[in-house]
Amino acid sequence: MKPNRKELAILALLILVCIITGLKNHQFFSVVNMQNTSRLIGIYGIFSIGLGVVIITGGVDLSVGSLFALLGVAMSVMMVDWHIPPWATALLILGCSAVIGLWHGLLVSRLRIQPFIVTLCGLLFYRGMARFWVDDDTRGFADIKNLEWLKACANENLYGIPAPLILLAVVGVGMFFLLHRSVFGRHLFAVGRNEEAAHYAGINTKRILTLAYVCCSFLAGIATIQFAFYTNSISPSSHGNFYELYGIAAAVIGGCSLRGGEGSIVGILLGTALIQVLRNLVNMLHIKSSLDFAVMGTVIMIGVLADQLLSKNKRSS
């Protein structure tokens, strides 16, 4: 699969932003900064891929950030209060995240509730439950033993390469073959382009939609574990706040059309890298951090405008 014009444009923009930032602040290309930025690209990239899968179907998931808070709190409670072994806790978190995705998918595919409404309710419910569960207290992992391997997934390097980036590469390759080299992927794009036509073509559209949301929440579960040990504490009122917007921005910038039916894993990864480099630019150039969301909003708007213009060009040609 050759890179398309949009992916090449994102790559060129990413390189340009890196060069400009590096010229303005030479610390940008330091080993420490490169590792920190790569670590964030790895963590954000994993759940951005999941959001991209849902967006390809023409849907959206607004609940991911709140899911990080609820499952992060659950991790702490399971390990500290209930004394569940770390490996079992990790499996339970991944299982719970998949079940939540299944719930979202069934509401969207079977009851035909709009994805925006389903996941907006999830955003509010999961955040509220996280805060209620621990009375709004910040939770951590105390001095629990046998956590080294979980902490390593978020904070350690392998031959100088951050572990989250390596995990992202593994997930990215797997998802690439799933989306671009499998029957499921072809059906996913078909549902996103025209769900009714896909149904009459013999595709089980309800199953495809449901699996898309399961995939999104499951990848969010992996990112939950990484974020929990990257921050080493979970404040239920703020942990994961607006993180779903970073994932949506990465997917949209990477070529996923909000109308559905378009997108690629390579594009999502490039979009994630661009978002994190722009965030790093704000920090390296000593721009007020309050502009972080303004930068993200601008990036999303540019992505939507580019998608709109490209769609018009396709229709006119």
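Structure shown above.
Enquirer: Explain the state of the cysteines to me, please; I cannot follow it from the model alone.
Expert: As used in these notes, a disulfide is a covalent bond between sulfur atoms, one from each of two cysteines. Under the definition given, this model contains zero disulfides. Unpaired in terms of disulfides, cysteine 121 finds its nearest cysteine sulfur in cysteine 216, a separation of 16 Å. Judged by its relative accessible area of 45%, cysteine 121 is partly exposed. A disulfide-free cysteine, cysteine 216 has its sulfur positioned 7.3 Å from the sulfur of cysteine 215, the nearest such atom. Residue class for cysteine 216 comes out buried when judged on its relative accessible area of 1%.

Enquirer: Could you clarify how one ought to interpret the side chain of arginine 39 in this entry?
Expert: For arginine 39, the position within the fold is in helix α2 (residues 31–56). Comment: no salt bridge for buried arginine 39; closest opposite-charge side chain is glutamate 156, at 7.0 Å.

Enquirer: Got a minute to help me understand the environment of threonine 231 in this structure?
Expert: Take threonine 231: it is sitting in helix α10 (residues 205–231). The class of threonine 231 is partly exposed, set by a relative accessible area of 34%. There is a polar contact of 3.5 Å between the side chain of threonine 231 and the backbone oxygen of alanine 228. At 2.8 Å, the side chain of threonine 231 forms a polar contact with the backbone oxygen of serine 233.

Definitions and limits used
- Per-chain numbering applies: the sequence of each chain, read as written, is numbered from 1 onward.
- Reporting of local features is limited, given that this is a predicted model, to residues whose pLDDT is at least 70; pairs of side-chain atoms are given and counted only at 80 or more, and all residues count toward the totals for whole chains, interfaces and linings.
- Computation of side-chain values: all heavy atoms of the structure, hydrogens and water removed.
- The definition used for a disulfide is geometric: two cysteine sulfur atoms within 2.5 Å.
- Relative accessibility decides the category of a residue: with a 1.4 Å probe and only protein chains considered, values under 20% of the type maximum give buried, values over 50% give exposed, and everything between is partly exposed.
- Put simply, DSSP marks the helices as runs of H or I at least four residues long and the strands as runs of E at least two long, and each gets a number from the N terminus on.
- Only four residue types enter the charge count: Lys and Arg as positive, Asp and Glu as negative, with His and the chain ends excluded.
- Salt bridge, as used here: a side-chain nitrogen of Lys or Arg that lies within 4 Å of a carboxyl oxygen of Asp or Glu.
- Counting of polar contacts relies on pairs of N or O atoms within 3.5 Å, with two restrictions inside protein: one atom must be capable of donating a hydrogen and the other of accepting it, and residues adjacent in sequence are counted only when both atoms are side-chain atoms.

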